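Coordinates in review
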Amino acid sequence: MNSVSKPAVTTRCRGYIIQRMGQPPKDTRSSAEKAHDTARIVGSLKHEGYVQTPEAEAVHAQVTRGEITAEEAIEIFAERARKLDAELNARGRAKRA
């Protein structure tokens, strides 16, 4: 008997062997390490000029609770950015006129 068999996770497609992705690696960091990393990211954002607002924090909290998806949150932030950009452009035009 042939004890060597090909793995079931490979597929042949146009001469190339494609391996299917398994599960992503499990995050083995402790909650303290995760909190530290989050604080570093927020600190970096603040350094770049990001200001936390209650509205933004509320959206982040909704994502955390699972009330909305990350894609919906991105759309909310994009809409706010477009609205703010339009307001700033209107102010700029008013100052130039």
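Every chain is numbered independently, its residues counted from 1 as its sequence is written. Totals for whole chains, interfaces and linings use all residues, but because this is a predicted model, local features are given only for residues with pLDDT of at least 70 and pairs of side-chain atoms are given and counted only at 80 or more. Side-chain figures throughout are based on the complete set of non-hydrogen atoms in the structure, without hydrogens or water.

Some thoughts on the overall build of the chain
Per the secondary structure count, the chain includes three helices and two strands. In sequence order, the secondary structure elements of the chain are arranged as β-β-α-α-α. Each residue gets one of three labels from its accessible area relative to the maximum for its type: buried under 20%, exposed over 50%, partly exposed in between, using a 1.4 Å probe on protein chains only. When each of the 97 residues of the chain is scored for burial, the buried share is 4%. When the accessible surface of the chain is totalled, it reaches about 9200 Å², and 57% of it is carbon and sulfur. Here a strand is any run of E in DSSP of at least two residues, a helix any run of H or I of at least four, and the numbering for each starts at the N terminus. Each accessible area is a Shrake-Rupley result for a 1.4 Å probe, and residues are judged covered by the shown protein chains and nothing else.

A short note on the packing of helix α2 (residues 54–65) against helix α3 (residues 70–96)
Taken N-terminus to C-terminus, the directions of α2 and α3 make an angle of 165°; their axes are 10 Å apart at the nearest point. Taken together, α2 and α3 sit at an angle that is classed as roughly antiparallel. Considering how the two elements wind past one another, α2 and α3 form a crossing that is right-handed. The segment α2 lies against α3, with Glu55, Ala56, Val59, His60 and Val63 engaging Ala73, Ile76, Phe77 and Arg80. In this classification, Asp, Glu, Lys and Arg are treated as charged, Ala, Val, Leu, Ile, Met, Phe, Trp, Tyr, Cys and Pro as nonpolar, and every other residue, Gly included, as polar. Partitioned by chemical class, the residues of the contact of α2 with α3 number six nonpolar, one polar and two charged. Note on geometry: axes are lines fitted to C-alpha atoms, helical ones only across the stretch in contact, with angles between N-to-C directions running from 0 to 180 degrees. An angle counts as roughly parallel when it lies under 35 degrees, as roughly antiparallel when it exceeds 145, as roughly perpendicular when it falls between 65 and 115, and as oblique in every other case. Each crossing gets its hand from how the near helix is turned against the far one by less than a right angle, where anticlockwise is left-handed and clockwise is right-handed. Between two residues, a contact is recorded if the distance between any of their heavy atoms is within 4.5 Å.

Thoughts on the layout of surface pockets
In this analysis the probe radius is 1.4 Å and the grid spacing 1 Å, with only protein atoms considered; a cavity is a set of points the probe fits into but cannot get out of, a pocket is an open set with protein on both sides within 12 Å along at least five of seven lines, and lining residues have an atom within 4 Å of a point. Grid points are joined across faces, edges and corners, and a volume is the space filled by probe spheres set on the points. Put simply, the largest pocket is a space of about 300 Å³. Residue lining of the largest pocket: Thr53, Glu55, Ala56, Phe77, Arg80, Ala81, Lys83, Leu84 and Glu87, and that is the complete set. Mapped onto the lining of the largest pocket, the elements with two or more residues apiece are α2 and α3. Reported here for the second largest pocket is a volume of approximately 160 Å³.

Points about the pattern of salt bridges
Counted as salt bridges are all cases of a side-chain nitrogen of Lys or Arg within 4 Å of a carboxyl oxygen of Asp or Glu. Inspection of every chain in the model, using the stated rule, returns six salt bridges. Here Lys34 ties to Asp27 by a salt bridge, and the two come within 4.0 Å at their closest N and O atoms. Arg65 is the salt-bridge partner of Glu67, the closest N and O atoms lying 2.8 Å from each other. Overlapping salt bridges bring together Asp27, Arg29, Lys34 and Asp37 as one network.

Topic: the confidence of the model for the chain
Looking at any residue, its pLDDT shows the predictor's confidence there, from 0 to 100. When pLDDT is averaged across the chain, the result is 79; 81% of the residues are at 70 or more. At the level of individual helices and strands, the chain shows its lowest average pLDDT in strand β1 (residues 10–13), which scores 56, and its highest in α2, which scores 89.

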